[in-house]
Amino acid sequence: MNILLTGGTGYIGSHTAVELAMRGYNVILLDNLENSSEKVVDQIAAISGVRCAFVKGDVRDRFLVKGILREHQIDAVIHFAGLKSVSDSVSDPLSYYSTNFVGTVELVAAMSEEKVFRLIFSSSATVYGTPSRLPVDEHHPTNPLNPYGRSKLHVEEFLHDVANASSGWSIVCLRYFNPAGAHESGLIGEKPTSRPNNLLPVISEVASGQRKKLDVYGDDYDTADGTGVRDFIHVMDLAGGHEAALRFANKNSGVTTFNLGTGLGYSVLEMVRSYERASGQSIPIEFAQRRSGDVASCYADTSKAGNLLNWKATRTLEDMCASSWRYTKAQ
Ligand SMILES: NC(=O)c1ccc[n+]([C@@H]2O[C@H](COP(=O)([O-])OP(=O)(O)OC[C@H]3O[C@@H](n4cnc5c(N)ncnc54)[C@H](O)[C@@H]3O)[C@@H](O)[C@H]2O)c1
């Protein structure tokens, strides 16, 4: 199968490219390199032994995307290309709606015109907002608290409208919880071009001495140690979830939504201690005010993905920290 990965040189895209290439899929990468580097294409080849075709370009460029779909006879698209910083989305909603929403509209228009009807979309657990019950299943009400989350929810709603209007579509929305870690080789990992937002890249900067301390936002949440609890999922488990979603999309039509997480909640402090053990470095922390919009605990009910995708995350918090540290040391 020929699979186009938009945002394919990014963090989750590159790990999924490795997973798919090693399972015999023909992978084509499209990325404008806004938050990644072309070197990743070499690293994917070094790990998988397969050189993926790479196109530098913007997912909003319908003419370009149509050309790729035609030239490579694409069977399905996994749509990672997007912006993902909650705080940036508050200060610059225009960019977030343009890239995340307009980008998907243009992609779907190109797919429709070229008659490619299988799509896997990178959504986010952010669409749930503050959980009213735990674990969070796919029926939990959606109430995103920021423009980033709303841009993802608007895309999901748009995809439902598209599939309702035409029966040929097969669309899977994957709501990721908190992707973390790196490929076991240490050759690819999370490498934002600007200041990182996710917890593990910040911890890794402290462990490697690039940053003095980790600010922990809130020590008075209603959790075992007072710090926020999240469902961290190893990025290679997440990559495997995309392959399972592709197989599902080959057999099912309409739109189906899945949580991808582990179902386990770990606190920020548990993550810090685990990283200290994996790296042998001490990670100084400083408690700071809670950030608005942060919730105390959020973790997934993963039974739908288990039942329908036959997929389950298997890697541990230790695996996430050890692989992240291996990647950090190799930089
Ligand atoms: N990492 C997370 O914590 C997380 C959680 C939930 C959902 N997601 C979603 O998963 C997807 C992938 O996330 P990631 O962590 O790999 O992020 P990333 O920034 O590492 O990857 C996204 C890639 O898309 C590219 N890109 C951005 N705008 C583009 C455009 N207009 N045209 C073409 N390429 C473009 C970037 O250069 C980057 O390589 C995103 O849509 C993100 O919103 C991520």
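Described in the following lines is the structure provided in the data block. (Residues numbered from 1 in each chain as written. Predicted model: local features only at pLDDT ≥ 70, side-chain atom pairs only at ≥ 80, totals over all residues. Heavy atoms only, no water.)

Structurally, the position occupied by His234 is in strand S10 (residues 232-234). Accessibility expressed as a relative area gives 1% for His234, which makes it buried. When neighbours within four sequence positions are excluded, His234 is seen to be in contact with Ala180, Ala182, Glu184, Arg315, Asp319, Met320 and Ser323. (Helix = DSSP H or I, 4+ residues; strand = E, 2+ residues; numbered from the N terminus. Buried < 20%, exposed > 50% of the residue type's maximum accessible area, 1.4 Å probe, protein only. Contact = heavy atoms within 4.5 Å.)

Turning to unusual backbone geometry, a few remarks are in order. In this chain, Leu134 is followed by Pro135 through a cis amide linkage whose omega measures -5°. With respect to the element layout, Pro135 can be found in the loop between strand S5 (118-124) and helix H6 (147-165). A positive phi angle is found at Leu33, which is not glycine, with a value near 65°. Structurally, Leu33 can be placed in the loop between strand S2 (26-31) and helix H2 (39-48). Despite not being glycine, Gln73 shows a phi value in the positive range, around 45°. Summarising the element assignment, Gln73 is placed in the loop between helix H3 (62-71) and strand S4 (76-79). The class of Gln73 is exposed, set by a relative accessible area of 58%.

What follows is about the pairing of strand S11 (residues 254-260). Burial within S11 is extensive, with six of its seven residues counted as buried. Bridge analysis of strand S6 (residues 170-176) against S11 gives seven bridges, and the strand direction is parallel. Paired with Leu174 across the two strands is Phe258, which belongs to S11. (Pairing = 2+ DSSP bridges.)

Quick look at the state of the cysteines now. Inspection of every chain in the model, using the stated rule, returns zero disulfides. In this model Cys298 remains outside any disulfide bridge; the closest cysteine sulfur is found in Cys173, 17 Å from its own. Here Cys298 falls in the buried class, since its relative accessible area comes to 10%. (Disulfide = S-S within 2.5 Å.)

Turning our attention to the sheet that holds strand S9 (residues 229-230). To summarise the sheet geometry, strands pair through backbone hydrogen bonds and adopt either a parallel or an antiparallel arrangement. Across the sheet, which stays open at both edges, the three strands sit in the order S12-S9-S14 with mixed pairing between neighbours. The sheet is open, and its two edges are formed by strand S12 (266-267) and strand S14 (297-298), each paired on a single side.

What follows covers the packing of helix H5 (residues 93-114) against H6. It is at 9 Å that the axes of H5 and H6 come closest, and there the two elements cross at 20°. Classified by the angle between their axes, H5 and H6 sit roughly parallel to one another. Where H5 crosses over H6, the two elements pack in a sense that is right-handed. When H5 is examined against H6, the residues Pro93, Tyr96, Tyr97, Asn100, Phe101, Thr104, Val105 and Val108 are found in contact with a partner set consisting of Pro147, Tyr148, Arg150, Ser151, Lys152, His154, Val155, Phe158, Leu159 and Val162. Considered class by class, the residues forming the contact of H5 with H6 number 12 nonpolar, four polar and two charged. (Axes fitted to C-alpha atoms, helices over the stretch in contact; angles between N-to-C directions. Parallel < 35°, antiparallel > 145°, perpendicular 65-115°, else oblique. Left-handed = near helix turned anticlockwise from the far one by under 90°. Nonpolar A, V, L, I, M, F, W, Y, C, P; charged D, E, K, R; others polar.)

Counted under the stated rule, the structure contains six aromatic pairs. Taken together, a centroid distance of 6.4 Å and an interplanar angle of 85° make the contact between Tyr96 and Tyr148 edge-to-face. In this pair, Tyr96 is assigned in helix H5 and Tyr148 in helix H6, connecting sequence segments 52 residues apart. When sorted by exposure, Tyr96 lands in the same class as Tyr148, which is buried. Taking the centre distance of 5.9 Å and the plane angle of 65° together, the rings of Phe101 and Phe158 count as edge-to-face. Within this pair, whereas Phe101 is found in helix H5, its partner Phe158 is found in helix H6, the two being separated by 57 residues in sequence. The class for Phe158 is buried, based on a relative accessible area of 17%. Here the basic side chain of Lys304 rests over the ring of Phe258, its NZ or CZ set 5.2 Å away from the ring centre. (Phe/Tyr/Trp six-rings, centres within 6.5 Å; stacked < 30°, edge-to-face > 60°. Lys NZ or Arg CZ within 6 Å of the ring centre and 35° of its normal.)

Turning our attention to the environment of Glu19. Locating Glu19 in the fold gives a position in helix H1 (residues 11-22). Each C-alpha atom, one on Glu19 and one on Gly240, is 6.6 Å from the other, the two residues being 221 residues apart in sequence. With residues near it in sequence (within four places) discarded, Glu19 still touches Met236, Ala239 and Gly240.

Moving on: the packing of H1 against helix H8 (residues 235-251). For the pair H1 and H8, the least separation of the axes is 8 Å and the interaxial angle reads 65°. Handedness of the H1/H8 crossing: right-handed. Packed against H1, whose contacting residues are Tyr11, Ile12, His15, Thr16, Glu19 and Leu20, the element H8 presents Val235, Met236, Leu238, Ala239, Gly240, His242, Glu243 and Leu246 at the interface. Broken down by class, the residue content of the contact of H1 with H8 amounts to eight nonpolar, four polar and two charged.

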